[in-house]
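# Summary of the model geometry
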Amino acid sequence: MNAPAYNFAYLDEQTKRMIRRAILKAIAIPGYQVPFASREMPMPYGWGTGGVQVTAAILGPQDVLKVIDQGSDDTTNAISIRKFFAKTAGVATTTATEEATVIQTRHRIPETALHANQVLVYQVPIPEPLRFLEPRETETRRMHALAEYGLMHVKLYEDIARFGHIATAYAYPVKVNARYVMDPSPTPKFDNPKMDHSPALQLFGAGREKRIYAIPPYTKVVSLDFEDHPFEPYRFNAPCALCAAENSYLDEIVTDDKGGRMFVCSDTDYCEGRQAAGHHGSLSAAPYKEKAGSHG
Amino acid sequence: MADALENDQPLLVADSLSKSFGRIAACRDVSFSLYSGEVLAIVGESGSGKSTLLQLLSGQLAASGGHVSYRMRDGVTRDLATLGEAERRFLFRTDWGFVHQDPAQGLRMAVSAGANVGERLMAVGWNHYGRIRDTASDWLTRVEIDTARIDDAPRTYSGGMRQRLQIARNLVTEPRLVFMDEPTGGLDVSVQARLLDLLRSLVAELNLAVIIVTHDLAVARLLSHRVMVMKGGRVIETGLTDQVLDDPREPYTQLLVSSILPA
Amino acid sequence: MTAMIDIADAKKTFTMHLQGGIELPVVSGVTFHVNPGECVVLSGPSGAGKSSILKMIFGNYRCDSGRIGIRHRDTLIDLATAEPRQVLNVRRATIGYVSQFLRAVPRVATIDVVAEPLIVNGMARADAQARAGELLHRLNIPERLWQLPPATFSGGEQQRVNIARGFISDLPILLLDEPTASLDAANRAVVVALVAEKKRQGVAMVAIVHDDEIRHLIADRIVDVTSFAAAA
């Protein structure tokens, strides 16, 4: 450890215990939002203060940490959080999904299937799925307590009435363990099926809103829908331009100022792994050159 | 015959209801029975305790004394105070309705009319978009709202339309009892007449029991079978609406009746 | 024969609290009965309390004392002490009231205004409207007006709509408050015929009629209310 002024993983032990108690309660009541005494962190709200506190509370010296932001290991947010824990906890870090024991994520679930003994920590901006329709916290708590979830379908109804289909593409509400309706954080609905019966433990931390919730391993997670408008994960009509993956979540990348663009895996580790294994997409070589050119 | 037997049992019974706020008694010793299909008007001036009484009857306010009991859909009569919150809220969105004076209190103003009507159905587990929408549009027709407006939010509606939408939202689960708090309060006279007329026919058609709070005796005359006149938290006179209005006995009732401006 | 209406020693006083609580005696000692198929006409000068008695029989005015016996579904009910619900049941199934003035219901078509009492008692809308049409036809309300609300009609037309509404149902008791007041000769004759038909059906009626000629045509018995007023 090269920053002796800080306690292991930044937070003091009392705070970590408080957070762990909240986490244990959250695991015991899948999908239920447990209030916790969220601390000030050395980063602004909205940059993952909730996720960071959860990670800090569960991290041990033997853990291997991976941090992704929109699927990518190399964005500012991901790098700074990864460095933060490398510095304050001295833990090993990785970008490889299989190697990680703790993965903190903003807005994605890795494409590589998770395994038991892994923990996925989500950064959550607004934990309350009913918030936009019911502004009163007292009322939404009561609705959760009494499992009154008609309002959640009102939102989906509005989508169909307006767009002809359920247009909610991210933060798509799910019902956990047939009891609590939960906001899966702004992950694309493409990732919703991955939450169902996942062997990994999933923890959600909302720093500003001071809530922690969880999906224990192998828990039933169902995306809400209507009988005549069933849930459909987003599908892309072309494979990844770099690794030719058929069923991964794609990002659009603008390649020039003439309307040129390409669609590539948002999960950079997955994409690179496939390319290393010899998979090649339609644009594998070309954009590399352009990128080099534009930055040169 | 089954109907007649059922009718012999009151739907709701208030027994010596009282409510005080500190030293102020807002409601004193109110008792009555309400039967299916019966419309009861509670009249009186502002501050007479009629709105407090409505809140006590609908279980939104705990009484300081007395009981309200209600015959549930399964035929069992229950004391409202013994219902759990979940049961009470379930009652509120299935077998009861509540029409507020201000439609913004009873509607979701930013959500489409169709979803406003459909919400109660979704709350009781309807899970088929097409059927929810068909039922909502059927109800819009019944309250005389053009179904072309089904996807518009009520904030784009006129006052009268909002109030009619609020009624549709309440009636979609076919409640047996509807509470109304000055439902025509903020409306123009012509809009009021249309709403009253609509309410009158819906009440008869659906055999609704209604408890309506109003300070407008004309509303009471048009809609209700019975009236209770309140003053200072007490019921001072009660009876058939036309009896009380045509043959008022209490000084205060006579004053109320004589204060109506001739049309 | 059992009477349909059996009134004994009924008394009504108004207490005018706004005028310093003065007592205004209306009638007392009202006693008479009406048999099925009989039309009793109340007579006496204006202010003698004829309309008040009619309203007491309908349960519109409350009695201070005495008995207003009404035969309702084979049991005798005392309207002077009946619960509001009972009074409503009696009005729905037993007593009809034809007043001089139509209480206008905005926006409801004339044909439905007339058909309503039948629909309330469970008749199919189409059948009820057919009967309403026949009656309106007899009372010379032109068919082109049937779909309009009666609020805009002339006084005479409104009264005929009201008569149609009053006579359409099969209630065993009818109270008639000057049913012919502003009608022309032809329509008065229609009303007389309607009353005669009701008698044949065994309906008991109490009427207030100022027109001597009509009174002779419909009255089986005349009850002079002057004595009730004087006794008050």
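Residues numbered from 1 in each chain as written. Chains lettered and ligands numbered in written order. Predicted model: local features only at pLDDT ≥ 70, side-chain atom pairs only at ≥ 80, totals over all residues. Heavy atoms only, no water.

## Describing helix α7 (residues 268-276) of chain A
For an α-helix, the turn length of 3.6 residues means that residues three or four places apart are oriented alike. Residues and elements named next belong to chain A. Residues of α7 that are buried: Thr268, Asp269, Tyr270, Cys271 and Arg274. Looking at the buried residues of α7, the elements they touch are β2 (64-69) and β12 (261-265). Of the residues that open α7, the one with a side-chain oxygen 3.3 Å from the backbone nitrogen of Asp269 is Asp267. Following α7 by one or two positions, Gly278 adopts a phi angle in the positive range, close to 100°. (Buried < 20%, exposed > 50% of the residue type's maximum accessible area, 1.4 Å probe, protein only. Helix = DSSP H or I, 4+ residues; strand = E, 2+ residues; numbered from the N terminus. Contact = heavy atoms within 4.5 Å. Polar contact = N/O pair within 3.5 Å; in protein donor to acceptor, adjacent residues only side chain to side chain.)

## Some remarks on the interface of chain A and chain B
Counting residues at the interface gives 20 residues for chain A and 22 residues for chain B. Of all residues in chain A, Glu148, Tyr157 and Glu227 of chain A bury the most surface against chain B, accounting for 31% of the area lost on that side. Our count for the contact surface shared by chain A and chain B stands at 6 salt bridges. The salt bridge partner of Glu148 of chain A is Arg93 of chain B, with a shortest N-O separation of 2.7 Å. The interface formed by chain A and chain B includes 14 residue pairs in polar contact (both at pLDDT 80 or more). Elements supplying a minimum of two residues to the side of chain A that touches chain B: α4 (137-145) and α5 (150-163) of chain A. Among the elements that make up the side of chain A that touches chain B, the one with the highest residue count is α5 of chain A (8 residues). A class-by-class count of the residues in the side of chain A that touches chain B yields 9 nonpolar, 3 polar and 8 charged. (Buried area = accessible area lost by both parts, 1.4 Å probe. Salt bridge = Lys/Arg side-chain N within 4 Å of Asp/Glu carboxyl O. Nonpolar A, V, L, I, M, F, W, Y, C, P; charged D, E, K, R; others polar.)

## A closer look at the layout of surface pockets
Space inside the second largest pocket adds up to approximately 1,600 Å³. Contributing to the lining of the second largest pocket are 46 residues, with Glu134, Arg136 and Glu139 of chain A together with Arg108 and Arg169 of chain B lying nearest its centre. Elements that contribute at least two residues to the lining of the second largest pocket include exactly α4 and α5 of chain A together with α2 (50-57), α3 (85-94), α4 (103-106), α5 (113-123) and α7 (159-171) of chain B. Split into classes, the residues belonging to the lining of the second largest pocket amount to 16 nonpolar, 11 polar and 19 charged. (1 Å grid on protein atoms, 1.4 Å probe; cavity = no way out; pocket = protein on both sides within 12 Å on 5 of 7 lines; lining within 4 Å. Points joined across faces, edges and corners; volume = space filled by probe spheres on them.)

## A short note on the sheet that holds strand β3 (residues 39-43) of chain B
All names here are of chain B. Spatial ordering of the open sheet is given by β6-β7-β8-β3-β9-β10, a layout of 6 strands whose pairing is mixed. Whereas interior strands pair on both sides, the edge strands pair on one side only; in this sheet they are β6 (96-99) and β10 (234-240). Ignoring strand direction, the axes of neighbouring strands in this sheet form an average angle of 15°. In this sheet, strand β8 (residues 209-214) lies alongside β3 in parallel orientation, the contact comprising 5 bridges. Within the sheet, the bridge partner assigned to Val43 lies in β8 and is Thr214. Running at roughly 110° to strand β9 (residues 226-231), helix α11 (residues 251-258) makes contact with β3, β9 and β10 of the sheet. (Pairing = 2+ DSSP bridges. Axes fitted to C-alpha atoms, helices over the stretch in contact; angles between N-to-C directions.)

## Re unusual backbone geometry
A positive phi is found at Ala9 of chain A, a non-glycine position, where the angle reads about 60°. Note on placement: Ala9 of chain A falls in the segment before α1 (13-28). You can call Ala9 of chain A buried: its relative accessible area is 0%. Even without being glycine, Glu178 of chain C reaches a positive phi, approximately 50°. Mapped onto the elements of the fold, Glu178 of chain C is located in the loop between β7 (173-177) and α6 (185-200).

## Looking at helix α3 (residues 76-88) of chain A
Residue and element names in this part refer to chain A. Its 13 residues give α3 an end-to-end C-alpha distance of 18 Å, which sits within 8% of 18 Å, the value for a rise of 1.5 Å per residue. Those residues of α3 not exposed but buried are Asn77, Ala78, Ile81, Arg82, Phe84, Phe85 and Thr88. All buried residues of α3 lie within an arc of 155° about the axis, which places them on one face of the element. Exposed and oriented more than 90 degrees from the buried face of α3 are Thr76, Lys83 and Lys87. Turning to α3, the residues buried within the fold contact α2 (49-58), β2, β3 (92-93), β4 (102-106) and β5 (119-123). One or two positions beyond α3, positive phi appears at Gly90, with a value near 65°. (Expected span 1.5 Å × (residues − 1). Arc of directions from axis to C-beta.)

## Let's talk about the confidence of the model for chain A
In this model, chain A carries an average pLDDT of 91, and 95% of its residues clear a pLDDT of 70 or more. Counted against residues more than four places away or in other chains, residues 286-296 of chain A, with its pLDDT under 50, gives 3 contacts. (pLDDT = per-residue confidence, 0-100.)

## Focus: the packing of aromatic side chains
What the rule picks out here adds up to 18 aromatic pairs over all chains. For the ring pair Phe190 of chain A and Tyr249 of chain A, a centre distance of 5.4 Å and an interplane angle of 50° mean the geometry is tilted. Placement of the pair is Phe190 of chain A in the loop between β7 (180-182) and α6 (192-195) and Tyr249 of chain A in the loop between β10 (221-223) and β11 (250-254), with a sequence separation of 59 residues. With a centroid separation of 5.3 Å and 85° between ring planes, the pair formed by Tyr70 of chain B and Trp96 of chain B is classed as edge-to-face. Here Tyr70 of chain B is found in strand β4 (residues 65-71), whereas its partner Trp96 of chain B is found in strand β6, with 26 residues between them in sequence. On the accessibility criterion, Tyr70 of chain B (0% relative accessible area) is buried. You can call Trp96 of chain B buried: its relative accessible area is 0%. Above the ring of Tyr180 of chain A, the side-chain terminus of Arg179 of chain A is found at 4.2 Å from the ring centroid. (Phe/Tyr/Trp six-rings, centres within 6.5 Å; stacked < 30°, edge-to-face > 60°. Lys NZ or Arg CZ within 6 Å of the ring centre and 35° of its normal.)

## A closer look at the sheet that holds strand β1 (residues 34-35) of chain A
Residue and element names in this part refer to chain A. Sheet architecture is open: 7 strands sit in the order β1-β9-β8-β5-β4-β2-β3, paired in mixed fashion. At either margin of the open sheet sits one strand with a lone partner, and together these are β1 and β3. Where β2 lies against β4, 5 bridges are found, and the strand directions are parallel. Paired with Leu65 across the bridge in β4 is Val102.

## Observations concerning the side chain of Arg164 of chain B
All names here are of chain B. In this structure, Arg164 sits in helix α7. No salt bridge is formed by the buried Arg164; its nearest oppositely charged neighbour, Glu144, is found at 4.9 Å. A distance of 3.4 Å separates the side chain of Arg164 from the backbone oxygen of Glu144, its partner in a polar contact. Apart from residues lying up to four places away in sequence, Arg164 is in contact with Val143, Glu144, Ile145, Arg194, Leu195 and Leu198. (Lys, Arg positive; Asp, Glu negative; His and termini not counted.)

## Some points on the interface of chain B and chain C
The extent of an interface is frequently quoted as the accessible surface area lost upon association of the parts. At the junction of the two partners, chain B supplies 27 residues and chain C supplies 23 residues. The largest contributions to the chain B side of the interface with chain C come from Leu240, Asp247 and Arg249 of chain B, which together make up 25% of the buried area. On the surface where chain B and chain C come into contact, there are 5 salt bridges. Of the charged contacts, one joins Arg62 of chain C and Glu237 of chain B as a salt bridge, the two residues approaching to 2.6 Å between their closest N and O atoms. Linking chain B to chain C there are 10 residue pairs in polar contact (both at pLDDT 80 or more). Secondary structure elements with two or more residues in the side of chain B that touches chain C: α8 (189-206), β10, α10 (241-246) and α11 of chain B. Taken together, the residues of the side of chain B that touches chain C break down into 7 nonpolar, 7 polar and 13 charged.

## Overview of the confidence of the model for chain C
For chain C, mean pLDDT is 90; residues scoring 70 or higher make up 97% of the total. In the predicted complex, the global pTM is 0.86; the interface-specific ipTM is 0.87.

## Regarding the packing of helix α5 (residues 155-167) of chain C against α6 of chain C
All names here are of chain C. Where α5 meets α6, the axes come as close as 12 Å, and the angle between the chain directions of the two elements is 10°. Classed by the angle they form, the pair α5 and α6 counts as roughly parallel. Contacts between α5 and α6 pair Arg160, Ile163 and Phe167 from the former with Asn187, Val191, Leu194, Val195 and Lys198 from the latter. Class assignment for the residues of the contact of α5 with α6 results in 5 nonpolar, 1 polar and 2 charged. (Parallel < 35°, antiparallel > 145°, perpendicular 65-115°, else oblique.)

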